[in-house]
Amino acid sequence: MAGRAAATAILALGASYVILKQLKYRGRKDRSRLLLKDTMRLPRFVEPRRYDIELMPNLDTCKFDGKVAVRLEIVDKTNHIVLNAADLNIYEKSVSLRTSATRQVVWPTRIELVKDDEILILTFEEILPLGDALLSMDFQGTLNDQMKGFYRSVYTVGGVKKNMATTQFEPADARRCFPCWDEPAYKATFKLTVHVPLDRVVLSNMPVASEAVIGPKKSVFFEESPKMSTYLVAVVVGEFDFIETETEDGKLVRVYTEVGKKEQGRFALDVALKTLPFYTKYFGTAYPLPKLDMIAIPDFAAGAMENYGLVTYREATLLIDEVHSTAANKQRVAVVVAHELAHMWFGNLVTMEWWTHLWLNEGFATWVSYLAVDYLFPEWRIWTQFVDQTVEAFRLDGLVESHPIEVEVGHVREIDEIFDAISYKKGASIIRMLQTYLTPDVFQKGLSEYIKRFAYKNAATGDLWSVLSEVSGEPVGELMNSWTSQKGFPVISAKVHGKATFVELKQSQFLSSGVDGKGEWVVPVTVAVGSYKISGSYLVRGKISTIELPASSSESSDGENEAPSWIKLNVGQTGFYRVQYDEDLAKRLRSAIASGSIEATDRFGILEDTYALSAACKQPLNVLLSLMEVYKNESDYTVLSCLIDVSYRVQQVVNDALPAAVPDTKKFICSLFQTAAKKLGWDPIPGESHLDAMLRGEVLSALISSGDEEAIAEAKHRFHTYLNDRKTSLFPADIRVAGYKAVIQGVKASDRSDYDSLLTLYRESDLSQEKNRILGTIAASTDPVMVREALDFLLSPEVRSQDSIWILSGIGLEGRDASWTWLSENWDTIWGRYGDTVSLIARFISRIVSQFSSYEKADEIEAFFTKNSYPAIDRTVSQSIERVRIMAQWVKHVHQESDVTDLVKKLAAGGKASPETGE
Ligand code: BES
Ligand code: ZN
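The structure displayed is predicted, hence computed values, not measured ones. The residue numbering used here restarts from 1 in each chain and proceeds along that chain's sequence as written. Written order decides the labels, with chains lettered from A and ligands numbered from 1. Only residues with pLDDT of at least 70 get local features here, since the model is predicted, and only at 80 or more are side-chain atom pairs given and counted; chain-wide, interface and lining totals rely on the full set of residues. Note: side-chain values were computed over all heavy atoms of the structure, leaving out hydrogens and water.

A.B. asks: Please give an account of the sheet that holds strand 8 (residues 119–123) that cites residues and values.
C.D. replies: Reading across from one edge, 3-8-7 is the order of the three strands in this open sheet, with antiparallel pairing throughout. In this open sheet, the two edge strands, each paired with only one partner strand, are strand 3 (80–84) and strand 7 (110–114). Neighbour-to-neighbour, the strand axes of this sheet turn through a mean angle of 15°, independent of strand direction. Paired strands, in this sense, are two strands between which DSSP finds at least two bridges. Runs of E in the DSSP output that reach at least two residues are strands. Runs of H or I that reach at least four are helices, and both are numbered from the N terminus. The pairing of strand 7 with strand 8 spans five bridges and is classified as antiparallel. Bridging from a neighbouring strand, Ile111 pairs with Leu122 of strand 8. Angles here are taken between N-to-C directions and fall from 0 to 180 degrees, while the axes themselves are lines fitted to C-alpha atoms, restricted in helices to the stretch in contact.

A.B. asks: Can you explain the UniProt feature "binding site: Zn(2+)" (unreviewed entry) in the chain? Please cite residues and give values.
C.D. replies: UniProt positions are given in the numbering used here, feature names are shortened, and annotations may be inferred rather than shown by experiment. The sites that carry the UniProt feature "binding site: Zn(2+)" (unreviewed entry) are, in the present numbering, His339, His343 and Glu362. The largest pairwise C-alpha distance within this set of annotated residues, which runs over 24 residues, is 8.6 Å, so the set is compact in three dimensions. Contact between two residues is taken to exist if any of their heavy atoms lie within 4.5 Å; hydrogens are not considered. Non-local contacts of His339, meaning those with residues more than four positions away in its chain, are made with Glu362, Ala365, Thr366, Ser369 and Tyr424. Exposure remark for His343: the relative accessible area of 0% places this residue in the buried category. Ignoring any residue separated from it by four or fewer positions in sequence, one finds His343 in contact with Glu306, Asn348, Leu349, Asn361, Glu362 and Ala365. Pairing of N or O atoms within 3.5 Å defines a polar contact, subject to two protein rules: one partner must be a possible hydrogen donor and the other a possible acceptor, and residues neighboring in sequence count only if both atoms are side-chain atoms. Among the polar contacts made by the side chain of His343, one reaches the main-chain carbonyl oxygen of Phe346 at a distance of 3.1 Å. Type-normalised accessible area, obtained with a 1.4 Å probe on protein chains alone, sets the label of each residue: buried when under 20%, exposed when over 50%, and partly exposed for intermediate values.

A.B. asks: I'd like a description of the side chain of Asp783, backed by residues and values.
C.D. replies: Mapped onto the secondary structure, Asp783 falls in the loop between helix 22 (768–778) and helix 23 (784–794). Although buried, Asp783 forms no salt bridge, and the nearest oppositely charged side chain, Lys748, lies 6.9 Å from it. Leaving out residues up to four positions away in the same chain, Asp783 has contacts with Val747, Lys748 and Ala749. When charges are tallied, Lys and Arg are placed among the positive residues and Asp and Glu among the negative ones, while His and the ends of the chain are skipped. The salt bridge criterion pairs a side-chain nitrogen of Lys or Arg with a carboxyl oxygen of Asp or Glu, the two atoms within 4 Å.

A.B. asks: Explain the environment of Val412 residue by residue, including any values.
C.D. replies: Take Val412: it is sitting in the loop between helix 6 (387–397) and helix 7 (421–438). The exposure class assigned to Val412 is buried, which follows from its relative accessible area of 18%. Non-local contacts of Val412, meaning those with residues more than four positions away in its chain, are made with Glu118, Ala172 and Arg175.

A.B. asks: Explain the packing of aromatic side chains to me, and be specific about the residues and the numbers.
C.D. replies: We call Phe, Tyr and Trp rings a pair once their centres come within 6.5 Å, taking the six-membered ring for Trp, and we label the pair stacked below 30 degrees between planes, edge-to-face above 60, and tilted otherwise. In the structure shown here, the tally under the stated rule is 54 aromatic pairs. Judged by centre distance (6.4 Å) and plane angle (85°), the ring pair of Phe240 and Tyr256 falls under edge-to-face. With Phe240 in the loop between strand 16 (235–238) and strand 17 (241–246) and Tyr256 in strand 18 (residues 252–257), this residue pair connects regions lying 16 residues apart in the sequence. Over the face of the ring belonging to Tyr186 we find Arg44, whose NZ or CZ atom lies 5.0 Å from the ring centre. Whether a charge sits over a ring comes down to the Lys NZ or Arg CZ being within 6 Å of the ring centre and within 35 degrees of the ring normal.

A.B. asks: So, empty space enclosed by the protein: which residues are in play, and what are the values?
C.D. replies: The rule is simple: put a 1 Å grid over the protein atoms alone, call a set of points where a 1.4 Å probe fits but cannot get out a cavity, call an open set with protein on both sides within 12 Å along at least five of seven lines a pocket, and count a residue as lining if it has an atom within 4 Å of a point. Grid points are joined across faces, edges and corners, and a volume is the space filled by probe spheres set on the points. Under the definition given, this model contains six cavities of 30 Å³ or more. Taken as a whole, the second largest cavity encloses approximately 60 Å³ of empty space. In terms of lining, the second largest cavity is formed by 13 residues, of which the most central are Thr390, Val391, Phe394, Gln573 and Phe604. Contributions of two or more residues to the lining of the second largest cavity are made by helix 6 and helix 13 (600–615). Gly is put with the polar residues, along with every residue not named as nonpolar or charged; the nonpolar set is Ala, Val, Leu, Ile, Met, Phe, Trp, Tyr, Cys and Pro, and the charged set is Asp, Glu, Lys and Arg. In the lining of the second largest cavity, the residues fall into five nonpolar, five polar and three charged.

A.B. asks: Tell me about the coordination of the zinc ion (ligand 2), residues and numbers included.
C.D. replies: Protein-derived ligands of the zinc ion (ligand 2) are His339 (NE2), His343 (NE2) and Glu362 (OE), with the metal-ligand distances lying across 1.9 to 2.1 Å. For Na, K and Ca the donor cut-off is 3.2 Å, while for other metals it is 2.8 Å, and in both cases only N, O and S atoms qualify; water is not among them, so sites may look incomplete. If you list the donors of the zinc ion (ligand 2) from N- to C-terminus, the spacing comes out as H-x3-H-x18-E. Taken together, the residues span about one helical turn, with His339 and His343 both in helix 3 (residues 327–343) at a distance of four residues. You'll find His339 and His343 in the same group, each marked buried.

A.B. asks: So what about the confidence of the model for the chain? Which residues, and what values?
C.D. replies: pLDDT is a residue-level measure of predictor confidence that goes from 0 to 100. Within the chain, residue pLDDT values average 93, and 94% of them lie at 70 or more. The low-confidence segment residues 1–19 (pLDDT under 50) makes 27 contacts with residues lying over four places distant or belonging to another chain. With pLDDT under 50 throughout, residues 553–557 is counted as low confidence; its partners more than four residues away or in other chains account for 11 contacts.

A.B. asks: Tell me about the sheet that holds strand 25 (residues 502–509), and name the residues and values.
C.D. replies: The sheet built from four strands is open, its strands ordered 28-25-24-30 with mixed pairing. In this open sheet, the two edge strands, each paired with only one partner strand, are strand 28 (544–548) and strand 30 (578–581). For this sheet, the mean angle separating the axes of adjacent strands, direction not counted, is 30°. Bridging between strand 24 (residues 490–496) and strand 30 involves four bridges; their strand directions are parallel. Note that in strand 30 the partner of Ile492 across the bridge is Val579.

Right, dumping it as structure tokens:
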């Protein structure tokens, strides 16, 4: 098979479909699913039960040899065995099958590797006897540089570069390491043996059972795993240090790091140690494996991967340096560890039946990670921060080019693209909505029952709903289907007549373009009326409904109706919908915010919804601007973060619609953050909260981007002090992004010394988080020449592929043309280098394209991608172009809003918007 010509492969492809079509009519009905273009699933004639795998990676040649013996059960009559394999050379003569029934070894008469479909078809002369059989074969593969399958990562020891071998199999790349039934529903046990040089560490899912030394090599035999899916198998070979601890119930937990960096694993180790028992209790089932290893891999495509018992991470999502990591870095590590460990139950023990149900894995892990982090660090108020998840889901789900949570997946290459904000963030948000509706206790009961019932098995979305319905007595399926089977989400418009106790609600699908979509949902609506003590909840169906407010709120003591001071829908922002208030209700909420009666999540929701309605041209920009002014004394981290985000977007629209109003807009925006900036200062305050530590950097960055002279000067001063003295206390990690931004903004081709100094810091640091911070700012110059230089640096060997995307996140409005030109000119190189890693290439497109706001540019970009079209990025391209057109529409709209200029002038001068109209 090795070295077959491409033409033969194509012929083989044609032939294989003939074979498969014949197979279809032989199988029983339920087993007759075939690998045809529409379903792309393996035929179910044969089921693997146990894999015995041997791997011999050669870290010098970057090749590996392998052997696999699969104990399988032939469950239906067939003379074909079809399994997955890709990028492997299979030694034809080694392929054999021994069946228990006959105790004879048979050899296939034909072996075909179908490249496009990544399958291996073995054809036998006779129909195979039903029952147990053992399939064996030998093969060879390459430790690739693509960060998937069995791949090579590079690390440095004492200035010398060395190779390590590591795996990343999700969603469908185990087939690049060994031939297997590479679908989540084919659970089997795995027993691995790895042969490596004596001085290397080898890790896999299970503990080492024994080792044998043979000359300069050792053979490491791992214990057999419980039943699990192929995408969770893992092997890592390299040189590492570790720290360890043990949980109450005797599970060994270790963090492996680069040699000399083990102390950086301390924080994650502690998080894991506390999270495991938390989940054991929450899910009502113990951690199923004897040990848990977590390891940082220098080249890693995702953020982290939940391999069973051997979780792999990027360095930046696992390691914490006491001096150079920020509060935000710490929070990220905690959230990622909690997310991956949640998968040990949700995903690994109970696994989705097929990728259509990916959201069950990712949505749940995302949601549960907040539960764990809240338990570990209550002072982080992580549930308040959860609203960011909902909003990021809204941003994607408001597009026509969004997709339902449950999405048809045909070809494996389509799977990568659904690891997106819909599966993760919308998934997590609707779970939160359901949990609130069912109440936390009932929800937990349902989940632990689900885990018990489906342990070591697979489940689909409907299975979870059934268990939850059973436990709660509520029609969960009916409620949730409207959220999982259609894309989009509703906006609820609320209207009240004078002192009436009834609120009229109208639902329509919210689209970021402002067009009313056709979707309809069953919406659990909650409402608080003049106080958080008085609230009601309703299940709203259909376009129009009327709800009656909780009684006590609308009656004064003498029984007279009285209008409540304010009415807030979607209390605590736990529902996946936006709210549009009529003018009267909006006015009452503004006063309630100003008087401090509204809680943080709701302040966030009101601001965010108003922004979204404005950007969709459903409300004038002036309404948003006036509302922003009400937040000038805001002190909550999450709300201020949202205000910063909204401010950036307002700056963008004004920049493109009313350039003359930019200076006043910036002045106004700076005024919004003065109270917070004064309170936080530049230096950490002893004993300050985690949230203040995170906020300081964000507020200072916002001031710097909006041109606050004083902040820029101070930031530059501190940066230069640090350049001269790395030990200065004036430039702590939490304010570095702000500092880097301040200097880079001012860099020009004619005066580039600060850019070069920043690169020096980059080269000097060996902490991934610090490097990423620098990468995240170096493209933020206002001089297009320097932006291009930063982008060229991205392509240099000094930046690992995985980190290239950080550079893109720094590009500002001034750099957008230069970056688009750069992308189109270098497209072939970029596609060649990153095209195989969808998560990376998708960000190249979305980050660069989404900065634009004109119809002409949208057309130009569309034309470009029509010429350079690839299925794997189709969705991202359409989504990004849709965003540009939506922004173009907002710009056009604002351009025609004649009174915006006057209002920003007034606001910039410290004047208030009129309290009556809000304008
Ligand atoms: N299962 C994913 C990793 C993954 C992502 C594999 C995409 C294959 C394709 C893992 O559990 C995950 O979700 N990681 C996140 C981090 C998490 C905290 C959101 C990631 O990689 O960003
Ligand atoms: Zn995940």
